[in-house]
Amino acid sequence: MRGLWLRLLRGSGSAARLEIALPVAAGAVITLIALLLLGLQQGLDHRADRTAWRTPEPAAGTATVLQAGRLDYIGERPITVIELAALTADPPDVPGTGDFPEPGEVWVSPALASLIDDMSADHLAQRFPGEITTEIANALLESPDELLAIVGRAPDDPAMTAERPPHQWNDAASLRPTAIDQWSTTPDLYQTTYRDIALLVAVLTALPLVGLGGLAARLTAARRQRRTATLRLLGASTGQVARLAAVELTVLAGAGALVGAALHQVLLPLATQATIKGGTWFQSDLRLDPWLTLVVAIAVVAVLNLGALSGLLPAVRDPLGTYRRSRQVRTRPRWWSLVFIAAAVVLFWLRSSNPFVTIAFTVVVVLGWGLLAVSPWLIYGLGRLLSRTARSPQGFLAGRRLSDDPQSAWRAVGGLALAGFISGFVAAGLAAGIGNADAYAAGAERIDAVVAAADIDSAASEAATALDAAGITATVAATAPPAWLDAADWATLAVTVDDPDADMDRARTVLAASGLTGPELRLSDDLPTMWLLQDGIVIGFLIMPIAALVGLAAMVIGAIARVLAQRDTLLGLHLAGTPQRVLLAAQRREMLLPTALVGGIAVVAGLAGGTTLGSVDLLNPATLGVLAGLLVLAAAAVFAADRAVRPVLARVSTDLAERE
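The notes below deal with the structure included here.

About the cut-offs
Residues numbered from 1 in each chain as written. Predicted model: local features only at pLDDT ≥ 70, side-chain atom pairs only at ≥ 80, totals over all residues. Heavy atoms only, no water. Helix = DSSP H or I, 4+ residues; strand = E, 2+ residues; numbered from the N terminus. Buried < 20%, exposed > 50% of the residue type's maximum accessible area, 1.4 Å probe, protein only. Contact = heavy atoms within 4.5 Å. Axes fitted to C-alpha atoms, helices over the stretch in contact; angles between N-to-C directions. Parallel < 35°, antiparallel > 145°, perpendicular 65-115°, else oblique. Left-handed = near helix turned anticlockwise from the far one by under 90°. Nonpolar A, V, L, I, M, F, W, Y, C, P; charged D, E, K, R; others polar. Pairing = 2+ DSSP bridges. Core = buried A, V, L, I, M, F, W, Y, C linked by side-chain atoms within 4.5 Å.

## Thoughts on the environment of Phe361
- Along the chain, Phe361 falls in helix H12 (residues 355-389).
- By relative accessible area, which is 3% here, Phe361 ends up buried.
- Separated by 248 residues in the primary sequence, Phe361 and Gly609 have C-alpha atoms spaced 8.6 Å apart.
- Sequence-distant contacts of Phe361, defined by excluding residues within four places in its chain, comprise Leu199, Leu200, Val203, Ala344, Val345 and Phe348.

## Describing the packing of helix H15 (residues 456-469) against helix H16 (residues 500-513)
- One way to put it is that H15 packs onto H16 with a least axis distance of 10 Å and a crossing angle of 125°. In terms of their interaxial angle, H15 and H16 are classed as oblique. Crossing of H15 against H16: the hand is right-handed. Here Ala463, Ala466 and Leu467 of H15 come into contact with H16, specifically with Ala507, Val510 and Leu511.
- Class assignment of the residues belonging to the contact of H15 with H16 gives a composition of six nonpolar, no polar and no charged.

## So, the sheet that holds strand E7 (residues 446-452)
- Read across the sheet, three strands follow the order E7-E9-E8 without closing on themselves; strand pairing throughout is antiparallel. For this open sheet the edge positions go to E7 and strand E8 (474-479), each flanked by a neighbour on one side alone. Sheet twist, expressed as the average angle between the axes of neighbouring strands with direction ignored, equals 20°.
- In terms of strand pairing, E7 meets strand E9 (residues 490-497) through seven bridges, oriented antiparallel. Residue pairing across strands places Arg446 opposite Thr496, the latter belonging to E9.
- Strands in contact with H15 are E7, E8 and E9; relative to E9, the strand with the most contacts, it is inclined by about 20°.
- Contacts from H16 reach E7 and E9 within the one sheet, and its direction differs from that of E9 by about 140°.

## What about the nonpolar core?
- If you look at the biggest cluster of nonpolar residues, it comprises 109 residues, and the most contacted ones within it are Val365, Ile422 and Met555.
- The element that contributes the greatest number of residues to this core is helix H17 (residues 521-565), accounting for 16 residues.
- What Val365 contacts, discounting residues up to four positions off in sequence, is Val203, Ile341, Ala344, Val345 and Gly370.
- Counting 17 residues, the second largest nonpolar core, distinct from the first, contains Ala460, Ile472, Met504 and Leu516.

## Thoughts on the sheet that holds strand E6 (residues 174-180)
- Pairing within the open sheet is mixed, and its six strands lie in the order E4-E3-E5-E2-E1-E6. The open sheet is flanked by strand E4 (131-135) and E6, the only strands paired with a single partner. Averaged over all adjacent pairs, the angle separating strand axes in this sheet is 25°, with direction ignored.
- By the bridge criterion, six bridges tie strand E2 (residues 77-86) to strand E5 (residues 147-152) in an arrangement that is parallel. Looking across to E5, one finds that Leu84 is bridged to Gly152.
- The strands touched by helix H3 (residues 110-118) are strand E1 (65-74), E2, strand E3 (105-108), E4 and E5; relative to E5, the strand with the most contacts, the crossing angle is about 90°.

## Digging into the pairing of E5
- With six of six residues buried, E5 lies mostly within the body of the structure.
- Alternating positions in E5 separate into two faces, Leu147, Ala149 and Val151 on one and Leu148, Ile150 and Gly152 on the other, with burial throughout.
- Bridge count for E3 against E5 is three bridges, and the pairing is antiparallel. Residue pairing across strands places Val106 opposite Val151, the latter belonging to E5.

Here it is as C-alpha cells:
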C-alpha cells in the first residue's frame, strides 16, 4: 500500500488540492496559535513567579525583614518601589540577587536607571533617599522595561513605621510595613487575574480553531469515504484501509504542524514586543521547551486525525452502505460536551482567585462551547420546520437537505457563527472599557494622594507651600478618599497642576522629597483598567480576524464540500426534471437560513458574555461598529459561497461522470 495514497490524490483532480492544502493550512494555523497562547500563559506564570516575593506575608516565626512598598509614577508609567529594612544582623538575600540593601542604598532596574540618567534630577532622581548602587538583574523584573526601585532603610525610618492605606485589590500600590520571616511565593491578585484572563482568551480563540479543525477534518468527506469504500470492495482489509487513511492524514497534518512550529520560532522576536500589562517580554518567557512544542504538534495531528477518521468509519464498516446512502443518522445535541463544559468551569473556579474573571469565563464557556454542542440540533430542527411549512419546491428541498445532513450545514456556517459570538463579546467589552477610559482621561491632570484624615489640613498647607517654592503653579485641595476606603480614617490630597505636561513629574518629586503625600490610589485603580482595555483591544482585534477568516473560509469551502457530498441527490433531482434555478435557490436558502438563526443566537450570546465585563449601553459607536463589520462579513461570506457553489453545483448535478 506504500505510496498508494499519493497516487490516489494525484488521480483525484482539482479536489485533491483542497484535500492537501486545508489539512496542511489548518495544522499550521492551529499549531502556531496554540504555541503563542501557551507562550502567553507561560510568560504570565514567569512574571508572577518573579514578582511574588514583593507581596509580604506576616512572619509566622522570628521576623528578619521589615518590608513595605508603593507605586510611584513618571508620566503614566508606574515605578514599583520596594522598601526593605533588616531586623537582624544577617538578613536573607533578596531573591535572585545574593545581597540585601543597606540603609540609604537604592537599587534600580536598567530601564529606571536609563530614565534617571536622561531626566533632570527634579523630575525623578530626587525622589529616592540615597545613592544608586546596583542595577537590578532580569531575574527580579516583571518585564524588560519595568521601572523598579529597591530602597534600603533603617527599621525606625518614618517610611517604615507610618500607617498606609490598603488597596482594594492592587497590593503593589500600597504595601503596609510588614515584618516577615521569609520571602513570599504567592503572586498578588493582579498577577493571577492576568493569568485567568489569558485562559479566557485561550477559550475564545479555541472556538474558531475548533471550527477550522473540523472543516479540515471533514473536507471532501464524501470523496474520501467513497475512496475508502472502493478499496474495501476491491479487497483491501480494514487494517490496510485504516493505515492508508492514517498515513495520509498524519503526513498532511504533520506537515502543517511543522510549518506552524517553524512560524512560531520566526515570529517569537516579534511576539516579545507585544505589550501586555504595560510591558514587553523577555524572550525566555515566551519560548517553549522543545518537548512542549513537540507535544502540541502531536496533539494537533492526533485531533485532526481523529476528526477525519471518525468520518471514515461507516465506509470501513459498511462500504456498500456508503454507496447506497439508504439511511441518514438523526442529529442530536452533543450531551457529552456538557461534561467538558462543566469540568472546565469547575476547574477554573478552583484555580481562579478573581470572581469577576471567573464569572466571565463561565459565561464564555457555557455560551460559546454550548453553541458548538447544540447548533447542529438547532439546524436539524430548522430543516424539519422548513420542510413542513414550505410553500415552494426550493423551500422544501432546502428543509429536507438541512434535516438530512445538519452536521455539514453546521460546518459551513459554524465558523461565521463563532465569529459572531467572539465579535459580540469583544463589542460589549470595548464599550465597557471605553467608559473607563473616559473616566481616566477626566482625572489625568490631577494627583490624588491618600493621607491620614487627621493630617489632611496640615498636609494640604505644606504641599501648597512646597509647590509654590518650587515654582509650580497648582491647586491643592482636600477631598474624600476612594469609596472603598474608610472616610473616617483617610482623605485625599488632590493636587491639580496648571501645566501637567511640564510640571506633573516635578510636582510628584517635590511632594515625595518633602514626605508630604501617600500613595496615588486613583492611578492605582485607573491605570490597570486602562491596561486591561488596551490589552483587550489588542487581543480582541487579533482574535476577530482569525475568527473572520475561518468563518469566511468555512462558508465557502463548507458549501462546496456540502454540494460534493450531495452529488447523488442533486444529479437525481436534475434527471427528474428539477430546474437549475430551483436547485440554486434551495442551496442559497441552506446557507442563509442557518446563518441567520445560529449567527443571530451567537451574537446575542456574545453580547451577553461581554456585558459581564461591565454594565454598558450597547447602542454606542464602538459596539455598533463591530456589529456592522460582522454584518458586512456575513454578507460577503454568503455572496462568496454562492458564487463559488454555482459552477460546482451545475457540474455535479448535470455531469454523469460525477456519479462515482
